[in-house]
Amino acid sequence: MNYRVQPVPQVILDDVRGAQKMLSGVSRVTAMEGSRHLTALVGAPVHLKCENLQRTGSFKLRGAYVRIAGLRPEQRAAGVVAASAGNHAQGVALASSLLGVRSTVFMPVGAPLPKVAATREYGAEVRLEGQVVDETLAAAQEYADRTGAVFIHPFDHRDIIAGQGTVGLEILEQCPEVRTILVGVGGGGLAAGIAVAVKALRPDVKVIGVQAAGAAAYPPSLRAGHPVSVDHPVTMADGIRVGRPGDVPFAIIGELLDDVRTVSEDALSSALLLCLERAKLVVEPAGCAPVAALLSEPERYAGGPVVAVLSGGNVDPLLLQRILRHGMAAAGRYLSLRLRVADAPGALAGLLGVLSTVDANVLDVSHVRTDPRLGLTEVEVELHLETKGPEHCREVARTLHGAGYRVMG
């Protein structure tokens, strides 16, 4: 990367190796799966590092366990506290239970119920505070100040980064021929940890961060040379929806990462759909960011084997349903259109008959008769169709035009 910040990498390879020993028998060595579809698209071997199959469903257990295991006895006795909407909450809860430490986790009032339930089941006391994560974080910090509990930051601590860096060691062991590693970036703990491990052992390997375009705090921060806040970050990828880089990971990323790239919401939803359909893997939007980067610019990664880190798989079923619809629409698998037909018996049946000739599956039909722009004998029909891709959408439109229908939009 061309940007230089103060060279203060506070985590070194020995820290990551020590974390790996500490995590032996605690975290899983997650699978590395090849992707034929992405390999064909990129023109080079693509492998998926499946941290979505990690205990608690994400990489977060690694850092949380190392951080809590490193506490002094009196700190453990005081308990720990964290603030999170999901993955970090579950990582802290399980790590604390395994180490016999009392944990309290603050979550936003609107946190998905499955994530709240899972955090409780892992052994934490859950408190719902605040409408947004910043309010939840403030509540957790106030609790730490008041009770003496140790606050476990999700990314801005050297022990957290060392734990996350064990993913990098596993990648080099499982795919020694790797040339490029793609990893999602929120606060930066995972990317920083992977970069520390990989660059120390294989400086020739490129480590590239990926952020959602609507929550991309790293590019302006790197240009400025210090962490810069992004007001109101917006993205479906809640796992990387972080408004400001962490100070510790920022210093490491500025020194060691080769680039930080951004992806659109359409690319994220398409990536989630691809992981589900082609790889048979449930991956949350944040975990799909590296795949979204491959889909967006496949030609940039043709130089050698690529590993995309699927960082987590904790996605609320209702959100998954919406994202899948969005992903199918972005992939040309849905078509919505409006047209006008005669307000007469058999007109709708005739329209549906035309659609049946091109094998378009009708999902929904609605009528509008009261629009003043309509003629006295007209009705506007809105159709939602399931299609087979962009070319099929164009075929449907051509067929309708050929049958004399005027498509309004």
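Look up: the structure comes first, before these words.
Residues numbered from 1 in each chain as written. Predicted model: local features only at pLDDT ≥ 70, side-chain atom pairs only at ≥ 80, totals over all residues. Heavy atoms only, no water.

**Observations regarding the nonpolar core**
Okay, so step 1: Core analysis: the biggest nonpolar cluster contains 56 residues, and I68, V80, I181, I194 and V309 have the highest contact counts within it.
Okay, so step 2: Leave out the neighbours within four places in its chain, and V80 touches I68, L71, V92, S96, V101, R102, S103, T104, A149, V150 and I152.
Okay, so step 3: Membership of the second largest hydrophobic core comes to 39 residues, among which are L268, L281, V306 and A308. (Core = buried A, V, L, I, M, F, W, Y, C linked by side-chain atoms within 4.5 Å. Buried < 20%, exposed > 50% of the residue type's maximum accessible area, 1.4 Å probe, protein only. Contact = heavy atoms within 4.5 Å.)

**Considerations on the environment of L98**
Okay, so step 1: By the element assignment, L98 lies in helix α5 (residues 87-99).
Okay, so step 2: In this structure, the C-alpha to C-alpha distance between L98 and Y65, residues 33 residues apart in sequence, is 8.5 Å.
Okay, so step 3: Those residues in contact with L98 that sit more than four places away from it in its chain are V26, R55 and Y65. (Helix = DSSP H or I, 4+ residues; strand = E, 2+ residues; numbered from the N terminus.)

**What about the sheet that holds strand β9 (residues 259-263)?**
The strands making up a sheet associate through hydrogen bonds between their backbones, and the pairing can be parallel or antiparallel.
Okay, so step 1: The six strands lie next to each other as β1-β2-β10-β7-β8-β9, forming an open sheet whose pairing is mixed. Since the sheet does not close on itself, it has two edges, and those belong to β1 (32-34) and β9, each with one partner. Along the sheet, successive strands turn relative to each other by an average axial angle of 25°, direction set aside.
Okay, so step 2: Sheet analysis places β1 next to strand β2 (residues 46-50), joined by three bridges and oriented antiparallel. Following the sheet pairing, M32 is matched in β2 by K49. (Pairing = 2+ DSSP bridges. Axes fitted to C-alpha atoms, helices over the stretch in contact; angles between N-to-C directions.)

**Observations regarding unusual backbone geometry**
Okay, so step 1: Its identity is not glycine, yet T56 carries a phi of approximately 70°, on the positive side.
Okay, so step 2: Tracing the chain through its elements places T56 in the loop between β2 and α3 (60-69).
Okay, so step 3: For K280, which is not glycine, the phi dihedral falls at a positive 60°.
Okay, so step 4: Note that K280 resides in the loop between α12 (265-277) and α13 (289-296).

**Considerations on the environment of A195**
Okay, so step 1: Tracing the backbone through its elements, the reader meets A195 in helix α9 (residues 189-201).
Okay, so step 2: Accessibility expressed as a relative area gives 0% for A195, which makes it buried.
Okay, so step 3: Spatially, the C-alpha atoms of A195 and G168 are 7.3 Å apart, while their sequence positions differ by 27 residues.
Okay, so step 4: When near neighbours in sequence (up to four residues on either side) are disregarded, A195 contacts A200, V207, L256 and L257.

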